[in-house]
Amino acid sequence: MRGTTVRRISAAWQVWLWLIGAGFAVLLAGIVFGLQKAGPLCGSPLLPDSGAAEAFDALHRGAKAAADCYRSIDAAAVPTWILIALGVVLVLAGVTVRIVVISRTAPSIQKAGGTGDGSPR
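Bear in mind that the values here come from a model prediction, so they are computed numbers and not experimental data.

### Quick look at the environment of Tyr70
Now for step 1: Structurally, Tyr70 is set in helix H3 (residues 65-111).
Now for step 2: Residue Tyr70 is classed as partly exposed on the basis of its relative accessible area of 35%.
Now for step 3: Separated by 28 residues in sequence, Tyr70 and Cys42 place their C-alpha atoms 7.7 Å apart.
Now for step 4: Not counting residues within four places of it along the chain, the set of residues in contact with Tyr70 comprises Ser50 and Glu54.

### Points about the state of the cysteines
Now for step 1: Evaluation of the coordinates by the stated rule reveals 1 disulfide.
Now for step 2: For Cys42, the disulfide goes to Cys69, at an S-S distance of 1.9 Å. Looking down the S-S bond of the Cys42 and Cys69 bridge, the torsion is -85°, so its handedness is left-handed. Taken together, the residues span a long stretch of sequence, with Cys42 in the loop between helix H1 (2-34) and helix H2 (51-59) and Cys69 in helix H3 at a distance of 27 residues. The same class applies to Cys42 as to Cys69, namely buried.

### With respect to the side chain of Ser44
Now for step 1: Checked against the element boundaries, Ser44 lands in the loop between H1 and H2.
Now for step 2: Within polar-contact distance, the side chain of Ser44 engages the backbone oxygen of Gly34 at 3.2 Å.
Now for step 3: Each residue touching Ser44, except ones within four places of it in the same chain, is listed here: Gly34, Leu35, Gln36, Lys37, Ala38 and Ile73.

Rules behind the numbers
- Counting restarts for each chain, with residues numbered from 1 along the sequence as it is written.
- The predicted origin of the model limits local features to residues at a pLDDT of at least 70 and limits the giving and counting of side-chain atom pairs to 80 or more, whereas totals for whole chains, interfaces and linings rest on all residues.
- The basis for every side-chain value is the complete set of non-hydrogen atoms in the structure, without hydrogens or water.
- What counts as a helix is a DSSP run of H or I of at least four residues, what counts as a strand is a run of E of at least two, and both are numbered from the N terminus.
- Residue exposure (1.4 Å probe, protein chains only): buried if accessible area is under 20% of the type maximum, exposed if over 50%, otherwise partly exposed.
- Two residues qualify as a contact provided that any one of their heavy atoms is within 4.5 Å of a heavy atom in the partner residue.
- Defined by distance alone, a disulfide is two cysteine sulfur atoms within 2.5 Å.
- As used in this structure description, the phrase polar contact means that two N or O atoms lie within 3.5 Å; if the pair is within protein, one of them must be able to donate a hydrogen and the other to accept it, and residues adjacent in sequence are counted only when both atoms belong to side chains.

Keep in mind these numbers describe shape, not what the thing actually does.
Right, here's the structure in full:
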């Protein structure tokens, strides 16, 4: 019985760590992807500064470089925010799993005769 409980706790420990680790990795990938420029004169989805494209449009009438930049930034923003949201969801899922594991193991530790803090009663 005790070995099964230890294995279950160990598996749950690994699950929440993997979820949080994967969540932070996906979140970091979303941020890195979001900081990549969308074009030579364009900004990025997280830093959408396209002043160079607007200046180019001011010098060359009808070039529409700024409009192209904003369209490419908008297109690149979708996967960026999906990755960031997925990373946050994975981290929250890992925290939730950890909370559930703690709430389920606390009664079994108390039932086994301990107080939960490692000291005898």
